[in-house]
Amino acid sequence: TSDVYFPGSNLGFKPPYSHDFSTGMNLYKVIDANKDGVTWGYSDGFTWFITDAETDNDDWIISPPITLTAGKRYPVAFDLLASANWEYQVVEILYGKGSTPEELTNKILPAYPYQVSADIDSYVTPEADGQYYFAVRVLTKKTAGAVGITNFAIGQGYDEKAPANVDNLTVTPAAMGQKSATIS
């Protein structure tokens, strides 16, 4: 969910944004990059990719546009599942200024093998204001199994130049219960 979605040029969801895929993947773009006819789908409340045991996989699911501000740091989370056959599934997570593989050049997570489940938490800091797209790319090599996404979220951005947390602070109460203290 997000506050606003504006279809059109240079408009998109505004953080905080989350999607648990229980209602489908209608706003998400799917790319079968290896053109094997096997790609992301939706059934029974889950978004899944059934990996192909005969072909190396290269398949993408790409988010709708998310409006981000340059220099702000945004927390990003992906919750992934894999089939219970104990085979490793390999994914990478990327983002960029467009919704094609050529434009999704910033890696949040390089190719990562996992079993059963993986909760990926990271941050992105865009260099320019604008629309950004986030993608999960399946790169599993000739292995039967499945990859699922149960949640994608991007939190409210914050200014990285904001003051740091206070450290080395000491509060010394006054003697004898007086209502004062020394702060150093």
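What you see is a predicted model, and the numbers here were worked out from it, not measured in a lab. (Residues numbered from 1 in each chain as written. Predicted model: local features only at pLDDT ≥ 70, side-chain atom pairs only at ≥ 80, totals over all residues. Heavy atoms only, no water.)

Engineer: Describe the pairing of strand β8 (residues 89–96), listing the residues and the values that go with them.
Structural biologist: Most of β8 is tucked away, with eight of its eight residues classed as buried. Side-chain alternation along β8 places Gln89, Val91, Ile93 and Tyr95 on one buried face and Val90, Glu92, Leu94 and Gly96 on a second face that is also buried. Relative to strand β9 (residues 106–114), β8 runs antiparallel, the two sharing six bridges. Considered in β9, the bridge of Gln89 is made with Tyr114. (Buried < 20%, exposed > 50% of the residue type's maximum accessible area, 1.4 Å probe, protein only. Helix = DSSP H or I, 4+ residues; strand = E, 2+ residues; numbered from the N terminus. Pairing = 2+ DSSP bridges.)

Engineer: An account of the packing of aromatic side chains is needed here, citing residue identities and associated values.
Structural biologist: This structure, assessed with the given rule, holds ten aromatic pairs. Their ring planes at 55 degrees and their centres at 5.0 Å tell us that Phe21 and Tyr28 sit as a pair that is tilted. The same class applies to Phe21 and to Tyr28, which are both buried. Within the aromatic cluster, the residues linked to one another by ring pairs are Phe13, Tyr17, Phe78, Tyr95, Tyr132, Phe134 and Phe152. (Phe/Tyr/Trp six-rings, centres within 6.5 Å; stacked < 30°, edge-to-face > 60°.)

Engineer: Before we move on, could you go through a nonpolar patch on the surface and cite the residues and values that matter?
Structural biologist: There is a patch of nonpolar side chains on the surface, built from Val166, Leu169, Val171 and Ile183 and spanning about 430 Å² of accessible area. As for its position among the elements, Val171 is in strand β14 (residues 171–173). Taking relative accessible area as the criterion, Val171 reaches 52% and is therefore assigned exposed. (Patch = residues over 30% accessible without salt bridge, like charges linked within 9 Å, V, L, I, M, F, W, Y side chains within 5 Å. Areas by Shrake-Rupley, 256 points an atom, 1.4 Å probe, with all protein chains shown as cover. Salt bridge = Lys/Arg side-chain N within 4 Å of Asp/Glu carboxyl O.)

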